Amino acid sequence: MGKANIEKFRDDNFYVLNSMDDWVRILDKYGRLVFINEKMKRDIHLDRSLIEQNIDIEKLSEKADIFKNTTIEEEKLINGKYYSIKSSPLYNDNEFMGIIEVYRDITSESRMKVDLFNANRKMLEDIRFVRKIQASILPKNKTYGDIKLEGRYIPSNDLSGDLFDIIKVDENKYAFYIADVMGHGVKSSIMTMFVKLSISGIFERHSDYSPGQVLKKLREKFVKLDMNSSQYFTVWVGIFDSLNDSLTFSNAGHNCPPLHLIENKNRVNKLVVSGRMISNIIEQNIYQEVTIKLHPKDRILFYTDGVIESKDIEKNEYSVERLMEKLKNKNNLDSILEDLEKFTWGEQDDDISLALIDYKGEKNEN
C-alpha cells in the first residue's frame, strides 16, 4: 500500500478511524504495517510487540483470494484480554491495497459468557437433581392392600408439574390422587411438593375425611400461601374402600377423568364429577362426590393431559377415545406407552403421567 497510497485517503477517513474506541490498523498487501489509530497507539505504547502481532506475510500471500473478497472474523487473547478481530479488504479503485483490521475488546462479554455458561451448567445440574427427587417421591409399583398400582412418569425437558400418590387411610381404605400444576419449571415442581405434603398431612390428621372434604381443606391451605393469582392446580382424589367394594371420588378441575374398565362387562367408563380448580381467585365451598361399585379385576387408568394431547405429524391428538380403546383391550402401561410413542411426532411438549390400578386383581402381597 505504501505511504504514497495512504496519502490518497481523505483526512476525514483517518478522523473516523482515530475517533473509534476500537483498535484499528492497516496492513498493505505484503503484510507490512502502515497505520494504527490513536486508540491503539495509546493502549499499546508500553509494548511495541503488540503492534507487530498477527502480521503474517505467508498467510496473506497463500490466502490472498480469501482476504481480497471476504471479511474474516476471529477471536484472540492479547495481553490478557479477549479481542474480536474483523479483517476486511481495502481497495483503491479495483486494485487490492491491503487489509484493515478492527480489534474490539470483548473481555467483559467473554467473561460474561463464561459466567453464564457456568450458571446454566449449575442450573441444569440442579434441575436434574430436582427431577430425580420428583421421581423418587412417586409411589412404588406394588400392591397396597387390595390395590395393585403400576405407574409411569415421563417429564418433559423441564421440571414437572405432574404428581400422583397413594395413601393408606386405614386397614380397609386407600386414597389415590393425581394432580397437575399449571406450567413447568422450579415453581411448578415446588408446588407439587406442597400438594403432596398437604394431602398427606390432611389424611394423617383427618382420616375420616371424604374426598370432597380433602379438596376443600387443600384449597384452604393453598389460599394461606398468598400466591400470585395466576397460580393454580388441578386434583382428582378417590378413596378405595375394600370392605364395601366401592370408590368415592371428587374432582378439583382435573380435566382428564380417570377411565374405569369394568371387568365383567368389558366396558370403559369415565369417572366424571364436576369441581373447579384450586386457585386464589376461584372459590369452591363444596366439592361434589360420586361413589361407584367396584368388582374384582376392575381396572382404573389415571393420566394427565400430556398423554391425550400428544400430537402426530398431522397435529391430530392422541385423544381420550384412543386411550379408552387401549384400556378396553386390556393393554398394560408399557404397551400403552409404546403406542403413544409410535403415535407422537416431534419432541415431547408436556409431562406424561400414567397410573393403572388393578382392584383385587391378585393376592395381597403385603
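Residues numbered from 1 in each chain as written. Predicted model: local features only at pLDDT ≥ 70, side-chain atom pairs only at ≥ 80, totals over all residues. Heavy atoms only, no water.

- The protein has the name Stage II sporulation protein E in an unreviewed UniProt entry, where Anaerococcus vaginalis ATCC 51170 is given as its organism.

Some details on the sheet that holds strand β12 (residues 259–262)
- The strand order across the open sheet built from six strands is β6-β7-β17-β16-β12-β13, with neighbouring strands paired in antiparallel fashion. Of all strands in the sheet, those with a lone pairing partner are β6 (142–144) and β13 (267–270), marking the two edges. Looking at each pair of strands side by side, their axes are set apart by 25° on average, direction ignored.
- Alignment of β6 against strand β7 (residues 147–154), held across three bridges, turns out to be antiparallel. For Lys 142, the partnering residue across the bridge sits in β7 and is Leu 149. (Pairing = 2+ DSSP bridges. Helix = DSSP H or I, 4+ residues; strand = E, 2+ residues; numbered from the N terminus. Axes fitted to C-alpha atoms, helices over the stretch in contact; angles between N-to-C directions.)

Here we look at helix α8 (residues 186–205)
- Its 20 residues give α8 an end-to-end C-alpha distance of 29 Å, which sits within 8% of 28 Å, the value for a rise of 1.5 Å per residue.
- Buried within α8 are the following residues: Ser 188, Ser 189, Met 191, Thr 192, Phe 194, Val 195, Lys 196, Ser 198, Ile 199, Gly 201, Ile 202 and Phe 203.
- Tucked into the core, α8 has its buried residues touching α7 (107–136), β8 (162–170), β9 (173–181), α9 (211–224) and β10 (232–241). (Expected span 1.5 Å × (residues − 1). Buried < 20%, exposed > 50% of the residue type's maximum accessible area, 1.4 Å probe, protein only. Contact = heavy atoms within 4.5 Å.)

So, the packing of α8 against α9
- Direction vectors running N to C along α8 and α9 enclose 130°, while the axes themselves pass 10 Å from each other. The orientation of α8 relative to α9 falls into the category oblique. Like other packed secondary-structure pairs, α8 and α9 cross with a definite hand, here right-handed. Across from Met 191, Phe 194, Ser 198, Ile 199, Ile 202 and Phe 203 in α8, the residues of α9 making contact are Val 214, Lys 217, Leu 218, Lys 221 and Phe 222. (Parallel < 35°, antiparallel > 145°, perpendicular 65-115°, else oblique. Left-handed = near helix turned anticlockwise from the far one by under 90°.)

Quick word on the pattern of salt bridges
- For the coordinates displayed, the defined rule picks out 17 salt bridges.
- In this structure, the salt-bridge partner of Glu 101 is Arg 25, at a minimum N-O distance of 2.4 Å. Of this pair, Glu 101 sits in strand β5 (residues 95–105) while Arg 25 is found in strand β1 (residues 23–28), placing the two residues 76 residues apart along the sequence. Each member of the pair Glu 101 and Arg 25 is classed as buried.
- Several salt bridges share partner residues, and in doing so they unite Glu 150, Arg 152 and Asp 334 into one network. (Salt bridge = Lys/Arg side-chain N within 4 Å of Asp/Glu carboxyl O.)

Points about the pairing of strand β11 (residues 246–252)
- The buried fraction of β11 is high, at seven of seven residues.
- Burial of the side chains of β11 extends over both faces: Ser 246, Thr 248, Ser 250 and Ala 252 are buried on one face and Leu 247, Phe 249 and Asn 251 on the other.
- Bridging between β10 and β11 involves six bridges; their strand directions are antiparallel. Directly across from Ile 239, in β11, lies its bridge partner Thr 248.

Section: the packing of aromatic side chains
- Throughout the structure, instances matching the rule amount to 13 aromatic pairs.
- Relative to Tyr 103, the ring of Tyr 83 has its centre 6.4 Å away and its plane inclined at 70°; by these criteria the two rings are edge-to-face. Note that Tyr 83 is positioned in strand β4 (residues 81–92) and Tyr 103 in strand β5, a separation of 20 residues in sequence. Of the two residues, Tyr 83 and Tyr 103, both sit in the buried class.
- Pairing Phe 194 with Phe 222 gives two aromatic rings, centres 6.3 Å apart and planes at 55°, and the pair type is tilted. Of this pair, Phe 194 sits in helix α8 while Phe 222 is found in helix α9, placing the two residues 28 residues apart along the sequence. As far as the burial class goes, Phe 194 and Phe 222 line up, both buried.
- Ring pairing ties together the aromatic residues Phe 164, Phe 176, Trp 236, Phe 249 and Phe 302, which thus form one cluster. (Phe/Tyr/Trp six-rings, centres within 6.5 Å; stacked < 30°, edge-to-face > 60°.)

A word on unusual backbone geometry
- Despite not being glycine, Lys 297 has its phi angle at roughly 75°, a positive value.
- Topologically, Lys 297 is positioned in the loop between β15 (289–293) and β16 (298–303).
- The backbone of Lys 315 sits at a positive phi, close to 70°, despite the residue not being glycine.

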